[in-house]
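# Residue-level structural notes
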Amino acid sequence: MTDTAPAIELKGISKSFGPVQANKDISIRVMPGTIHGIIGENGAGKSTLMSILYGFYSADAGEIWVKGEKTVIPDSQAAIRAGIGMVFQHFKLVQNFTVLENVILGAEDGGLLKPSLSKARGVLKQLAEEYELSVDPDTQVQHLSVGHQQRVEILKALYRQADILILDEPTGVLTPAEADHLFRILDNLRAEGKTIILITHKLREIMEITDTVSVMRRGEMTATVKTAETSPEELAELMVGRKVLLRVDKAPAKPKEALLEIENLRHLDGQGVEKLRNISLEVRAGEIVGLAGVAGNGQSELLNVLGGYADATGTVRVNGREIPLSGRGCDGMARRAAGIGHVPEDRQREGLIMPYSAWENTVFGYHHGPETGSGLLMDNAAIRKEAAAKMERFDVRPPDPSLAAKNFSGGNQQKIVLAREIERNPDVLLIGQPTRGVDIGAIEFIHEQIVRLRDMGKAILLVSVELDEIFALSDRIAVMFDGRIMGVRDAGETDQRELGLLMAGITEDPGGDAYEAVDAAMDQKDHREAARHG
Amino acid sequence: MDRMPAWADAVLVPLISLLLAALLSALVILGIGENPIEALKLMVEGALLRSAGWGYTLYYATNFIFTGLAVSVAFHAKLFNIGGEGQAMIGGLGVALVCLYLPWPHWSLALVAASVAAALFGAVWAFIPAYLQAKRGSHIVITTIMFNFIAAALLNYLLVNVMKPEGQQDPATAIFPAATHLPTFQDMFATEAMPLFRGSPGNVTFFLAIAACLVVWALIWRTRLGYEIRALGHSESAARYAGISPVRTIVIAMLISGALAGLMGVNTAMGEAERLVMNATEGAGFIGIAVALMGRNHPIGVFLAAILFGFLYQGGAELALWTNIPRELIVVIQALVILFTGALDNMVRMPLERVFAARRRAARKTPAE
Amino acid sequence: MDYNTLLQVLDSTVRLATPLLLACLAGLFSERSGVIDIGLEGKMLIAAFFSAAIAAMTGSVWLGLGAGIVSAVLLSLVHGLASITFRGNQLISGVAINFLAAGLTVLIAQDWFGQGGRTPSLIGGGRWGNITLPFADTLSGVPVIGPLYAQLISGHSLLVYVGFLMVPLTWWVLFRTRFGLRLRAVGESPEAVDTAGVSVVGLRYAAVAICGLLCGIAGSYLATGLQAGFVKDMTAGRGYIALAALIFAKWRPWHALGACLLFGLLQAVALRYQNIDLGGITIPVQVMDALPYILTVVILAGFVGKAIPPRAGGEPYVKER
């Protein structure tokens, strides 16, 4: 093995975006026929590095060697020629094209489509058998499940005869079973001698499938180790630079009366697909209920419905009073008046107006409230003064109310949102993904604030795709799957395995190999999905 | 991160764009065998060095202030209202109805009523595109273009078949009653000793336009409605989250926009022609786009840009009178202004951003070393 | 209405639909690639002027056609520069182009010909002659079909046939060729095209250039086929009607043919009859003028089937970070 040239070798790669250095002097060797993991936190520079390898960006410095030859990759075309294929986190598919059309796009033979299409049909059939990669070639991509869309991306790469495959956070949108299927595919590919680079921030995946793992932190490559010779604890430490204990100091909850009562909640999306199916849930004063689940199983819709910007049927009571779920009186402002605070999942798209200054953002959604003055015109001076005080209390840096929201870091943006929502003293606080894209220091602060609010006797509903965060904060955990709540457990009396099964829609632990049961459940879900699209 | 200081964004970028547009216009003038400097001199003389020139300049500027404000209010909600032309035509119709069919004792009362009617008619004309955009997602640019043509056809029908007095040839209404004639600058400021603004159409509506600037400024930057309009313009998803109804806000923003465009009808029908004629708007609805773009959607900017375009219009008329350069030169300049301040904004902006980034880097380095 | 009148109206429909059709297909190429183009009007106008001007000066309608195409493609490239290279607002760029053409044509016409912004009337080789298809004269005696063939199908200028042949050609290019696949892809999902190793910028410029070419032919036909020379603002909103037809057709070539024929018919009827008397109710000519626009608004409102434009339309492509 020693004299084999690496499939990929990067030497001293550096890349800056303006003042931000995304990659600093990175070197890495990826051996052929292996699965090489690259792990790191959000923003560690993993995706940038891979985009350089795929010709999406050009590096400021450094060399790329492919299969022992120095290679220049100025664009994706060059990467494809070098045998590199990439499966992006956000799929790059043409939604209203068929699978076949997507596969040949950019890799057609000749000016007419017909020969390309029939050739691709044959190749696809062959690939499907070889790697468990079956997808109907004539279905439009928009009608495929996320897992199948990902297969199309892999097929695209294989059709271009890639023997080096990069996957960027491939499991973020997958159910555990779909993820498992993906790993089987990757296994098969490795067996055929393909080289795979797997980018992820999930330790479990690294431990499960990779041969070698490289750790990135703040744009630097901190270590490359054999997976067999490391442990999740060691990797975690390498990732964040110090031991992190995702544990929050909190006293046991002393829940009182129910402040948020949800009964038989149903919600249809724009296409008429039922996204919430008969949800019933209760959040009591003085407790944090965590909502766990794979992204896309209805958590976001539940937050939107409770936050007042999606219609639903059923009953929701806040502090004993029923609130309207559609029509007049069902909007964010009415919800706030009813005592619901809401830290949305996506602060940049929802929680903040990015070009607005911090002070303007501190009244966003509350701008009809008394703090903006009583006259015809808003009392900007008063708002600004109050904003400065809030930013002080929530340790927003820099503490400058005139700075536009877009100029704050992710953590400080989140603090602005939290300050706005918490300081209104709501009875119920909805929090979505409180620490997504937030640096470690701010995470602790944000967690403390959430617990503090709980201890003040508020009811908190927490949505997070990070199971660790759910465990760290929640007093009770509800698991969502396919628009339903599969079960509610006391945080102290459950474990990853039980929650994992619930997240796949399985309520009874079948014992033995959980994955087989999960597989069966997934197949059922896919069938339903297909039936919906008719 | 902001890549440029605010002043550069607000002043430097439009100024450079304007210079580029001016440079190209000069080349166009050279291209048709005329002297751009002579042309500019003529324009300045005709538009700015005589009080009557100012009377014309401000008359045109009044139109452009209204339409410029109309476009910019819609822009704040991220709506491109290209229908100012049609809204102004229909606004003029409102003015004509008020002036012709209601008895007025004094011009001031008539002005109030005509303004209300103009705003109302303009708003109504903007309502259907607004509603379709808000409720059904129909692209407002296309619908407002269509409504311009529909307005023209409607007005054509009304003027030819309904409102034209018998025996009259050209498609226009009868002359408005004398009591509704608005005081011109000449009426207001000229004295025996100082015969100012002689024969020029600038009139009291100009002050209405200034008032509109103030009202729009307060509306956009000081009221809750303005806060919501801007918020929606920046991010619809965030607006939804906050409980700002996109439908309601889109419709209101467009109603205000249409009303402002409609108000232009007061100036053209009541202030100048003293009757409603076909094509009274003369493309002012479209110039509003250039004015709003150049004025960076701020009332002060709109005001200044409107004066500039008023000058160009009057100057252009002078050119057409004394040289072989047709009035369409102004259309070319207007196109270049729209092109550079609107569509080619990044062409000016990107190199400037690089300059400022380099300066910032240099500034950071110096204290460290 | 007798058969002969009907044929005359339809004949004039075909003539009036031709520039609409060419411009509509021009817009189709551009918008299918994700570049919204409300500057069809301007490109037609500038092509109309240069065709007429060059044809007037050289006496060659072919040179005129060439000049028209070149000028329209140049304007297209300005639009491309603004909306593709500098990622500006495509709508604003389109508006600017319309004004640029409206102003420049008159300015140059005045400078060249001094006739108040028009070209001299074209005569002889400066205009497209009508082509008589084989057997048109022989067959004209045959009842019903004869006049139909001789009057309606035969006897148009070359560009009319070009316009109608563009429909199947466009369809074929769009749905049967590699270029068409990529073009449609770049209008739906430029990132898919980019990661597949195909140049988004290149494709969009190609589409915009084709748009210019077709607008050039449209404008040329207007000034040297339909009419005999250029007059100020002679497109008279046809670019916008073409845009309306494009939406009406939901960005599909065969439907574009239908939409343009419909709008052409409306124009033909409006041209022939000032007011139409329908059993006591008189429809004023202005209704005919406004009808294409009203119909488009109705279509846009989604009351008669929703018009879903190409997904990436109007959005400049920026690689995400």
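Each chain has its residues counted from 1, running along the sequence as written. Lettering for chains starts from A, numbering for ligands starts from 1, and both go in the order in which the items are written. Residue-level local features of this predicted model are given only where pLDDT is at least 70; pairs of side-chain atoms are given and counted only at 80 or more, and the full residue set underlies all totals for whole chains, interfaces and linings.

Taking an unreviewed UniProt entry as the reference, chain C is identified by name as Sugar ABC transporter permease belonging to Roseivivax halodurans JCM 10272. UniProt positions are given in the numbering used here, feature names are shortened, and annotations may be inferred rather than shown by experiment. Looking at chain C in UniProt, the text filed under Subcellular location (unreviewed entry) is "Cell membrane".

Named according to an unreviewed UniProt entry, chain A is Heme ABC transporter ATP-binding protein originating from Roseivivax halodurans JCM 10272. For the record of chain A, the UniProt heading Subcellular location (unreviewed entry) holds the text "Cell membrane". Chain A has a UniProt comment under Sequence similarities (unreviewed entry) that states "Belongs to the ABC transporter superfamily."

In this section: the sheet that holds strand E4 (residues 61-66) of chain A. Residues and elements named next belong to chain A. Spatial ordering of the open sheet is given by E2-E1-E4-E5, a layout of 4 strands whose pairing is antiparallel. What marks the edges here is a single partner per strand, and that holds for strand E2 (20-30) and strand E5 (69-71). On average, each strand axis in the sheet is inclined to that of its neighbour by 30 degrees, with strand direction left out of account. By the bridge criterion, 5 bridges tie strand E1 (residues 8-17) to E4 in an arrangement that is antiparallel. Across the sheet, Leu 10 pairs through a bridge with Ile 64, a residue of E4. By the convention adopted here, residues are in contact when the distance between their C-beta atoms, placed from the backbone, does not exceed 7 Å. Each axis is a line fitted through C-alpha atoms, taken for helices only over the stretch in contact, and angles between the N-to-C directions span 0 to 180 degrees. Helix and strand assignments come from DSSP, with helices taken as H or I runs of at least 4 residues and strands as E runs of at least 2, each series counted from the N terminus. Sheet contacts for helix H1 (residues 46-53): E1, E2 and E4; angle to E1, the most-contacted strand, approximately 115 degrees. Note on pairing: two strands pair once DSSP finds at least 2 bridges between them.

Next up on the list: the interface of chain C and chain B. Across the contact, 39 residues belong to chain C and 39 residues belong to chain B. Sorting the residues of the side of chain C that touches chain B by element identifies helix H3 (61-85), helix H4 (90-113), helix H11 (238-248) and helix H13 (285-300) of chain C as the ones contributing at least two each. Sorting elements by how many residues they give to the side of chain C that touches chain B places H4 of chain C first, with 15 residues. Under the grouping applied here, Gly and all other residues not named as nonpolar or charged are polar, the nonpolar ones being Ala, Val, Leu, Ile, Met, Phe, Trp, Tyr, Cys and Pro and the charged ones Asp, Glu, Lys and Arg. Among the residues making up the side of chain C that touches chain B, the classes are represented as 25 nonpolar, 11 polar and 3 charged.

Another aspect to go through is the domain arrangement of chain A. Interface size, as often reported, equals the accessible area lost upon joining of the parts. All names here are of chain A. Looking at the assigned domains, one finds that chain A contains domain 1 (8-240), domain 2 (258-339 + 426-528) and domain 3 (354-425). Bear in mind that the domain bounds are from an automatic or database domain assignment. If you average the C-alpha positions of domain 2 and of domain 3, the two centres end up 27 Å apart. At the junction of the two partners, domain 2 supplies 13 residues and domain 3 supplies 13 residues. Listing elements by their share of the side of domain 2 that touches domain 3, those giving two or more residues are helix H10 (332-337) and helix H15 (440-455). No other element matches the 5 residues that H15 contributes to the side of domain 2 that touches domain 3. Classifying every residue of the side of domain 2 that touches domain 3 gives 8 nonpolar, 3 polar and 2 charged.

Let us look at the sheet that holds strand E20 (residues 484-490) of chain A. Residue and element names in this part refer to chain A. Sheet architecture is open: 6 strands sit in the order E16-E17-E18-E13-E19-E20, paired in mixed fashion. Edge positions in the sheet fall to strand E16 (340-343) and E20, since each has one partner strand and no second. Neighbour-to-neighbour, the strand axes of the sheet open up by a mean angle of 20 degrees, direction not taken into account. Sheet topology note: the strand E13 (residues 287-292)/strand E19 (residues 476-481) ladder contains 4 bridges and is parallel. Note on E19: the bridge partner recorded for Val 289 is Arg 476. Sheet strands in contact with helix H9 (residues 299-307) are E13, E16, strand E17 (428-432), strand E18 (459-463) and E19, and its direction is about 145 degrees off that of E17. Across the face of the sheet, helix H17 (residues 496-503) comes into contact with E13, E19 and E20 while running at roughly 30 degrees to E19.

In this section: the interface of chain C and chain A. Counting residues at the interface gives 18 residues for chain C and 21 residues for chain A. Taken together, the elements giving at least two residues each to the side of chain C that touches chain A come down to helix H8 (178-188) and helix H9 (190-195) of chain C. In the side of chain C that touches chain A, the residues fall into 6 nonpolar, 4 polar and 8 charged.

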